[in-house]
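Structural overview for review
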Amino acid sequence: MDLLNALVALTNFVIVPATAYGAQLALGALGVTLTVAVLRFTNVAHGDTMAFGTMVTILATWGLQALGITAGPLPTALLALPVGVAATAGLLLATDRLVYRFYRQQRASSAVLLIVSIGVMFVMNGLVRFIIGVDDQRFDDGTRFLVSARDFKAWSGLDEGLAIKTSQGITVLTAAVVMIALFWFLNRTRTGKSMRAFADNRDLALLSGIDPERVVAITWILVAALATIAGTLYGLDKSFKPFTYFQLLLPIFAAAIVGGLGSPVGAIAGGFIISFSEVALTYAWKKVLGYLLPLGLAPDGLAQLLGTEYKHAVSFIILVLVLLIKPTGLFKGTST
């Protein structure tokens, strides 16, 4: 019985939240990977792109709620998500036309484009804070739990309860659908194949008649969709605060680099590696160990390796180790 209680506690506080968080990081890292693979530069503004898309989704959610339109047991934000994606796509296409296109025509180096994206990041950051403010915003309506701890205890007869939030279930399901759709698009459609060809050899792709501006536009639209979906799912699971999305840039880039920059499969794997590492190293293991160890050996303290305030430090340490040991990442992406 103690073993089952320990397993439930581990699932409740480590496996379920790390899986949801990993799916969110994987979607964010996929957006970074597309930018690196197709557009050939590291977009530092990706975190604030997520914040912008989530902000528009929140505003659209509030508008729907004011009209009395909801999604029933599901969050209303799912209905507002297409508005957020469309607005973010428009912003990125306009930014490309006004900023990045000039440097692309000048054949600027990836380092120059990275510096330019820092300026874009500050502009987006200020825009989001000006429109929605700097405070926490919660927009998760609908049914809060798929499985409640009380119902699980009554069903199982265990002392430990398992709670799965609706936002966590939606995150995993949505991420799986989006990833499958993205891989199908890249591997099965003519447009996706042209994007892959453009990423593999730009000059040869141009000689083959591929329109580079069309490829760039589609890439930005996909990046907008991935960023908005990832940001909205994160906001539903936690809450929305602009500065939090700026901080998410570190674990997202760590996930992309650990998996291999430019590798979509690597981005997904890296997202889950980072999430499980962060959650496992900052979780207080006292409860799980209390079930597994004899009474006299149970820890008196929290048995926590790192405080939760050091969560992003875990991402940074993993990032540094990967850059030192295997710069191309697990799936041999672009060398960093």
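In what follows, the structure referred to is the one given above.
Residues numbered from 1 in each chain as written. Predicted model: local features only at pLDDT ≥ 70, side-chain atom pairs only at ≥ 80, totals over all residues. Heavy atoms only, no water.

1. Quick look at the overall build of the protein chain
Tallying secondary structure elements over the protein chain gives 14 helices and 2 strands in all. Compactness check: the protein chain gives a C-alpha radius of gyration of 21 Å against a globular reference of 20 Å for 336 residues, within 12% of the reference. Overall size of the protein chain, expressed as C-alpha extent along the three principal axes, is 70 × 55 × 40 Å. Intrachain contacts of the protein chain at a sequence separation of at least 6 include 74% that bridge at least 24 residues. Total accessible area computed for the protein chain in this model is approximately 15,800 Å², and 67% of it derives from carbon and sulfur atoms. For the protein chain, the distance from the average site of its 24 positive side-chain charges to the average site of its 18 negative ones is 9 Å. (Helix = DSSP H or I, 4+ residues; strand = E, 2+ residues; numbered from the N terminus. Rg over C-alpha atoms; globule rule 2.2 N^0.38 Å. Contact = heavy atoms within 4.5 Å. Areas by Shrake-Rupley, 256 points an atom, 1.4 Å probe, with all protein chains shown as cover. Lys, Arg positive; Asp, Glu negative; His and termini not counted. Charge placed at Lys NZ, Arg CZ, Asp CG, Glu CD.)

2. What about helix H3 (residues 77-105)?
Side chains that are three or four residues apart share a direction in an α-helix, a result of its 3.6 residues per turn. Most pronounced at aspartate 96, the bend in H3 amounts to some 45°. Considered for burial, the residues of H3 that qualify are Ala77, Ala80, Leu81, Gly84, Val85, Thr88, Ala89, Leu92, Thr95, Asp96 and Tyr100. For H3, the elements touching its buried residues are helix H2 (46-66), helix H4 (110-132) and helix H9 (212-237). Looking one or two places after H3, you find arginine 107, whose phi comes out positive at around 55°. (Bend = angle between axes of the 7 residues up to and from the residue. Buried < 20%, exposed > 50% of the residue type's maximum accessible area, 1.4 Å probe, protein only.)

3. Considering the side chain of asparagine 5
As for its position among the elements, asparagine 5 is in helix H1 (residues 2-39). Residue classification places asparagine 5 among the buried positions, given a relative accessible area of 0%. Not counting chain neighbours up to four residues away, the residues in contact with asparagine 5 comprise Leu158, Asp159, Glu160 and Tyr291.

4. Points about the environment of alanine 303
The topology assignment puts alanine 303 in the loop between helix H13 (286-292) and helix H14 (311-325). Distance from alanine 303 to arginine 138, taken between C-alpha atoms, is 32 Å for residues 165 residues apart in sequence. Alanine 303 has contacts with Tyr283, Ala284, Trp285, Lys286 and Leu289, leaving out every residue within four places of it along the chain.

5. Quick look at the environment of arginine 97
With respect to the element layout, arginine 97 can be found in helix H3. According to the relative accessible area criterion, arginine 97 is exposed, its value standing at 56%. For the pair arginine 97 and alanine 217, spaced 120 residues apart in sequence, the C-alpha to C-alpha distance is 9.5 Å.

6. Comments concerning the pattern of salt bridges
A side chain of one charge can pair with a side chain of the opposite charge if their charged atoms are brought near each other. Following the criterion strictly, the structure yields 8 salt bridges and no others. Across the pair arginine 138 and aspartate 140 runs a salt bridge, and its minimum N-O distance is 3.4 Å. Residue aspartate 140 pairs with arginine 144 through a salt bridge whose shortest N-O separation is 3.4 Å. (Salt bridge = Lys/Arg side-chain N within 4 Å of Asp/Glu carboxyl O.)

7. Concerning H14
Over its 15 residues, H14 extends 22 Å from the first C-alpha to the last, a length consistent with the 21 Å expected when each residue adds 1.5 Å. At its buried positions, H14 is contacted by helix H11 (249-259) and helix H12 (264-282). (Expected span 1.5 Å × (residues − 1).)

8. Overview of the nonpolar core
In this structure, Leu27, Leu30, Val38, Met195, Trp220, Phe240 and Leu248 are the most contacted members of the largest nonpolar core, which totals 80 residues. In terms of residue count, the dominant contributor to this core is H9 (14 residues). Leave out the neighbours within four places in its chain, and leucine 248 touches Tyr21, Leu25, Met50 and Tyr234. Ala6, Ala9, Ala18 and Val279 belong to the second-largest nonpolar core, a separate cluster that totals 8 residues. (Core = buried A, V, L, I, M, F, W, Y, C linked by side-chain atoms within 4.5 Å.)

9. Looking at the packing of aromatic side chains
For any two aromatic rings, the description comes down to two numbers: the centre-to-centre distance and the angle of the planes. In total, this model carries 10 aromatic pairs according to the counting rule given. With a centroid separation of 5.7 Å and 50° between ring planes, the pair formed by phenylalanine 152 and tryptophan 155 is classed as tilted. In this pair, phenylalanine 152 and tryptophan 155 both sit in helix H5 (residues 149-156), 3 residues apart, roughly one turn of the helix. With relative accessibility at 13%, the residue phenylalanine 152 sits in the buried group. Arranged with centres 5.1 Å apart and planes meeting at 75°, the rings of tyrosine 283 and tryptophan 285 form a pair that is edge-to-face. (Phe/Tyr/Trp six-rings, centres within 6.5 Å; stacked < 30°, edge-to-face > 60°.)

10. Notes on the packing of helix H6 (residues 166-188) against helix H7 (residues 190-200)
It is the contact of H6 with H7, at a shortest axis distance of 5 Å, that shows an interaxial angle of 80°. Classified by the angle their axes make, H6 and H7 are roughly perpendicular. Contacts between H6 and H7 involve Phe185, Leu186, Asn187 and Arg188 from the first element and Arg190, Thr191, Gly192, Lys193, Met195 and Arg196 from the second. Each residue belonging to the contact of H6 with H7 can be placed in one class, and the counts come to 3 nonpolar, 3 polar and 4 charged. (Axes fitted to C-alpha atoms, helices over the stretch in contact; angles between N-to-C directions. Parallel < 35°, antiparallel > 145°, perpendicular 65-115°, else oblique. Nonpolar A, V, L, I, M, F, W, Y, C, P; charged D, E, K, R; others polar.)

Shape descriptors only; they carry no functional weight alone.
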